[in-house]
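Residue-level structure breakdown
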Amino acid sequence: MVEILSNLLNNAINYTQEHGEIGIDIEKNNEVYSIGIWDNGSGIQKEDFYALFQPYSRIFRENFNESGTGLGLYYTKQLVESLHGIIKVQSEPNVGSRFLVELNEKFTPAPPDRNEKIGAFFIGLEMAGKTSIIKYFETSKIKTYIPTNALLITRIRTSKKKYDLVDCPGQKKLRYIWEEGLKLAKCLIFVLDISDKEKFTEAKRELDLILSKKTTNGMPLIITYHKLDLNIPMENYQMADSIFKQFNPSNKTFFIQTSINIEFTMYNLQNLILDLL
């Protein structure tokens, strides 16, 4: 219960201006406790409600310097549900938010499983094409490029199964949040922009850093040479092979070439992901 309150209060603090108000109210109706955490901060747009309790989703608002991984409210919901409770939210932009937790006093809690693996993680440098691949599988297109600023989850449904893809930000200043999310990954997809050989060394350095973590030990890895449809010189492929095709005993590694404009390459990638999940 302490962690639930701590997470919700921290969320309220993050989205409330200096000298704003934050409060807690508690009511009891028969055997049900209702605990409300409220603030008069920035509030939340209705269209953003769907993302609040999804893992790796964060809502960015102007004039607020948020930090974190996008897992706080996801874990909070897990904790509440482990107590057979309910968490609700009421919010209005520029007015504030109120999170309500309802718990039965007689229920004995069981700890939530924070180690549940949820899907495939797309990592790589900025502009490598991670988001466009995920959007392809989602059967939608990117109309305007907006850099990914948090770990974002997309649920994909096929005739075979449903599965989750996690889009990790490639911007250098945000790569620090990869490690937290990787604790829940079933497999890794490293997207390499095969057209930009100037970034191959940086990309390999970031990949090696991730593979050095205990959380990725033994995790299947797909390295995709992406943007195959562009006029790529053969030397780019040779250089990528010399850098990335090095012996890696800790991770079973698959190499594949892809382009969102070449259908069969995306079909092959999707089938490989499905085999590994």
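**What about the packing of aromatic side chains?**
- As enumerated under the stated definition, the model contains four aromatic pairs in all.
- Their ring planes at 35° and their centres at 6.2 Å tell us that Phe190 and Phe244 sit as a pair that is tilted. Of this pair, Phe190 sits in strand E8 (residues 185-193) while Phe244 sits in helix H6 (residues 234-244), and the two are 54 residues apart along the sequence.
- A relative accessible area of 0% places Phe190 in the buried class.
- Through successive ring pairs, a cluster of aromatic residues spans Tyr225, Tyr237 and Phe255.
- When the ring centre of Phe255 is taken as reference, the NZ or CZ atom of Lys245 above it lies at 5.1 Å.

**Side note on the packing of helix H3 (residues 130-137) against helix H7 (residues 263-276)**
- Across the interface, H3 lies against H7 with an axial gap of 11 Å and an inter-helix angle of 85°. Comparing the axis directions of H3 and H7 gives the class roughly perpendicular. Taking contact as the criterion, the partners of Ile133, Tyr136 and Phe137 in H3 are, on H7, Glu263, Met266, Leu269, Gln270 and Ile273.
- Of the residues belonging to the contact of H3 with H7, the class tally is six nonpolar, one polar and one charged.

**Brief notes about the pairing of strand E1 (residues 22-29)**
- Direction of pairing for E1 relative to strand E2 (residues 32-39): antiparallel, over a ladder of eight bridges. Pairing of Ile22 across the sheet is with Asp39, part of E2.
- Counting the residues between successive antiparallel strands, the hairpin from E1 to E2 contains two residues, one of them, Asn30, with a positive phi of roughly 60°.

**A look at the side chain of Ser97**
- With respect to the secondary-structure elements, Ser97 resides in strand E4 (residues 96-104).
- By relative accessible area, Ser97 is classed as buried at 6%.
- Within the structure, Ser97 has its side chain in polar contact with the side chain of Ser91 (distance 2.7 Å).
- Once you skip the residues sitting within four places of it in the chain, Ser97 turns out to touch Ile37, Trp38, Asp39, Gly43, Ile44, Gln90 and Ser91.

**What about unusual backbone geometry?**
- Backbone geometry at Asn30 places phi at a positive 60°, although glycine is not the residue there.
- Relative to the helices and strands, Asn30 is located in the loop between E1 and E2.
- Given a relative accessible area of 68%, Asn30 falls into the exposed group.
- For Met127, which is not glycine, the phi torsion reads 70° and is therefore positive.
- Residue placement: Met127 occurs in the loop between strand E5 (119-123) and H3.

Cut-off values and rules
Residues numbered from 1 in each chain as written. Predicted model: local features only at pLDDT ≥ 70, side-chain atom pairs only at ≥ 80, totals over all residues. Heavy atoms only, no water. Phe/Tyr/Trp six-rings, centres within 6.5 Å; stacked < 30°, edge-to-face > 60°. Helix = DSSP H or I, 4+ residues; strand = E, 2+ residues; numbered from the N terminus. Buried < 20%, exposed > 50% of the residue type's maximum accessible area, 1.4 Å probe, protein only. Lys NZ or Arg CZ within 6 Å of the ring centre and 35° of its normal. Axes fitted to C-alpha atoms, helices over the stretch in contact; angles between N-to-C directions. Parallel < 35°, antiparallel > 145°, perpendicular 65-115°, else oblique. Contact = heavy atoms within 4.5 Å. Nonpolar A, V, L, I, M, F, W, Y, C, P; charged D, E, K, R; others polar. Pairing = 2+ DSSP bridges. Polar contact = N/O pair within 3.5 Å; in protein donor to acceptor, adjacent residues only side chain to side chain.

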